[in-house]
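Architecture and fold: a report
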Amino acid sequence: CCIGKGNMYVLRDVGGEEPYVGIANIVSGEVAEDIASYYANSEQVPTVCALGVLVDRDRTCACSGGALIQLLPFADPAVTEILEKNASSAPPITKMLAEKSLEEILAVYLEGIEYDVFDEIQNGYECNCSRERTDRALVSLGKKELTEIYESEEKTEMTCQFCGRKYSYTKQEIAKLIKEVKA
C-alpha cells in the first residue's frame, strides 16, 4: 500500500439525495493528518484527528478507532492551544484504544478543558443504497449504453461502493429501464 501525492475525496451523507463530496490535496499521506487538514482548509473547522489500527501478531486487527474533535464556532482560542498541546503529547491512539476506556481517552484529549458528557450514542454505518438508486444510476447511463448492456449481458449486476450490497438485473429489467430513459 502506498500513499503519495494526489487528492483525497471526502464523501459525507448529509441527509440529501446524494452524498456531499469534498476534495482536498493529500498533505502528508497520514490519513488523520490529511482529514484534519481537509477540515481546517476546506470547511474552516479546527479539528484534531487521531486514527489507528493495532495489528496483532497473527496479522488480525486487535483494535482500531480514533478521535475526532472539532471546535464549535466562536470557541475561545485558548481551547485550541490546549487541544493542540494535548494531541501532540497524547500517547499513540492504538495504545490508548488497547489499554483505556473511551472516557479515559476523551480525558487525555480534553485535559485542562472543562467538559460534561451530556449524551452517549452508539454509532455505526448504515448504508442508504437501494434498488431505486441503482435504477437511477443505470438510467443515467443513457439509452445507447443501456442498450449495449442489454445486448451483451444476460444478467447485469451492480455493487454498492459503500456497503458491497449487490443488485442484479435481468435482460427484461434492463429493457424496462431503457424505456425510462428520457431522449
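Residue numbers here run from 1 along each chain, matching the order of that chain's written sequence. Since the coordinates come from a predicted model, pLDDT governs what is reported: local features require at least 70, and pairs of side-chain atoms require 80 or more to be given and counted, while whole-chain, interface and lining totals use all residues. Note that the side-chain values use all heavy atoms of the structure and ignore hydrogens as well as water.

Candidates for patches are residues over 30% relative accessible area with no salt bridge; among them, like charges are joined within 9 Å and nonpolar side chains (Val, Leu, Ile, Met, Phe, Trp, Tyr) within 5 Å. Values of accessible area rely on a 1.4 Å probe in the Shrake-Rupley scheme; residue burial ignores everything except the protein chains shown. Only one rule defines a salt bridge in this text: a Lys or Arg side-chain nitrogen within 4 Å of an Asp or Glu carboxyl oxygen. Together, Tyr9, Leu11, Val21, Ile23, Tyr125 and Phe162 line one region of the surface with nonpolar side chains, adding up to about 640 Å² of accessible area. By the criteria applied, helices consist of DSSP H or I runs no shorter than four residues and strands consist of E runs no shorter than two, each listed in order from the N terminus. Of all the secondary-structure elements, those providing two or more residues to the nonpolar patch are strand S1 (7-12) and strand S2 (20-25). Relative to the elements of secondary structure, Tyr9 occurs in strand S1.

All right, on to a negative patch on the surface then. Charge counting treats Lys and Arg as positive and Asp and Glu as negative, with His and both chain ends excluded. Lysine's charge is taken at NZ, arginine's at CZ, aspartate's at CG and glutamate's at CD. Taken together, the side chains of Glu103, Glu104, Asp119 and Glu120 define an acidic patch exposed on the protein surface. Positionally, Glu104 belongs in helix H4 (residues 102-109). When accessible area is computed with a 1.4 Å probe and restricted to protein chains, residues below 20% of their type maximum are described as buried, those above 50% as exposed, and intermediate ones as partly exposed. A relative accessible area of 42% places Glu104 in the partly exposed class.

Moving on: the packing of aromatic side chains. For Phe, Tyr and Trp, rings pair up if their centres lie within 6.5 Å, where Trp contributes its six-membered ring, and each pair is then called stacked (planes under 30 degrees apart), edge-to-face (over 60) or tilted (otherwise). What the rule picks out here adds up to one aromatic pair. Arranged with centres 5.4 Å apart and planes meeting at 65°, the rings of Tyr38 and Tyr39 form a pair that is edge-to-face. As far as the burial class goes, Tyr38 and Tyr39 line up, both buried. Ring-over charges, as used throughout, are those where CZ of Arg or NZ of Lys falls within 6 Å of the ring centre and within 35 degrees of the ring normal. If you follow Arg131 out to its NZ or CZ, it ends over the ring of Tyr169, 3.8 Å from the centre.

Counting 16 residues, the largest nonpolar core has Ile69, Leu83, Ile93, Met96, Ile105 and Tyr109 as the members making the most contacts within it. Among the elements of the structure, strand S3 (47-55), strand S4 (61-70), helix H3 (93-99) and H4 are those that each provide at least two residues to this core. Non-local contacts of Leu83, meaning those with residues more than four positions away in its chain, are made with Val48, Ile69, Leu71, Tyr109, Leu110 and Ile113. We define a nonpolar core as any set of buried Ala, Val, Leu, Ile, Met, Phe, Trp, Tyr and Cys residues linked to one another through side-chain atoms lying within 4.5 Å. With 13 residues, the next largest nonpolar core counts Cys127, Tyr167, Ile178 and Val181 among its residues. In this analysis, two residues are considered to be in contact whenever any of their non-hydrogen atoms come within 4.5 Å of each other.

Another point: the side chain of Lys171. Along the chain, the position of Lys171 falls in helix H7 (residues 171-180). The buried charged residue Lys171 lacks any salt bridge partner; its closest oppositely charged side chain belongs to Glu154, at an N-O distance of 4.5 Å. Think of a polar contact as two N or O atoms within 3.5 Å of one another; within protein, one of them needs to be a possible hydrogen donor and the other a possible acceptor, and neighboring residues in sequence only count if both atoms come from side chains. In this structure the side chain of Lys171 is engaged in a polar contact, spanning 2.3 Å, whose partner is the backbone oxygen of Tyr150. Aside from chain neighbours lying at most four places away, what touches Lys171 is Tyr150, Glu151, Glu153 and Glu154.

Mapped onto the fold, Ile82 is located in helix H2 (residues 77-89). Among the residues examined, Ile82 registers a relative accessible area of 27% and is labelled partly exposed. For the pair Ile82 and Gly112, spaced 30 residues apart in the sequence, the C-alpha separation amounts to 7.1 Å. When near neighbours in sequence (up to four residues on either side) are disregarded, Ile82 contacts Glu111, Gly112 and Ile113.

Scored from 0 to 100, pLDDT records how confident the predictor is in each individual residue. Taken residue by residue, the protein gives an average pLDDT of 89. The fraction at 70 or more is 97%. Across the protein, strand S6 (residues 166-170) holds the top mean pLDDT of 95, while S1 sits lowest at 84.

To continue, consider the packing of helix H5 (residues 131-139) against H7. Every axis in this analysis is a line fitted to C-alpha atoms, fitted for helices over the stretch in contact. Angles between the N-to-C directions lie between 0 and 180 degrees. Across the interface, H5 lies against H7 with an axial gap of 9 Å and an inter-helix angle of 65°. H7 is crossed by H5, and the crossing has right-handed handedness. Across the interface between the two elements, Arg131, Asp135, Leu138 and Val139 from H5 touch Glu173, Ile174, Leu177 and Glu180 from H7. Residues are grouped as follows: nonpolar covers Ala, Val, Leu, Ile, Met, Phe, Trp, Tyr, Cys and Pro; charged covers Asp, Glu, Lys and Arg; every other residue, Gly included, is treated as polar. For the contact of H5 with H7, the class distribution of residues is four nonpolar, no polar and four charged. For any pair of crossing helices, the crossing counts as left-handed if the nearer helix is rotated counterclockwise from the farther one by less than a right angle, and right-handed if it is rotated clockwise.

Note: α-helices contain 3.6 residues per turn, so residues at a spacing of three or four share the same orientation. Turning to H4, its buried residues are Ile105, Val108 and Tyr109. Seen along its axis, H4 keeps its buried residues to an arc of 95°; they face one direction. Among the structural elements, S3, S4, H2 and H3 are those in contact with the buried residues of H4. Our arc is simply the arc of the directions from the helix axis toward the C-beta atoms.

Bringing the pattern of salt bridges into the picture now. One pass over the structure, following the stated rule, counts four salt bridges. Linking Glu43 and Arg12 is a salt bridge whose minimum nitrogen-to-oxygen distance equals 3.4 Å. Of this pair, Glu43 sits in the loop between helix H1 (31-42) and S3 while Arg12 sits in strand S1, placing them 31 residues apart in sequence. The partly exposed category is assigned to Glu43, whose relative accessible area is 22%. Assessed through its relative accessible area of 27%, Arg12 is described here as partly exposed. Residues Arg131 and Glu173 are paired through a salt bridge, measuring 3.1 Å at the closest nitrogen-oxygen approach. Taken together, the residues span a long stretch of sequence, with Arg131 in helix H5 and Glu173 in helix H7 at a distance of 42 residues. Note on Glu173: relative accessible area 32%, which makes it partly exposed. The network of salt bridges with common partners includes Arg131, Asp135 and Glu173.

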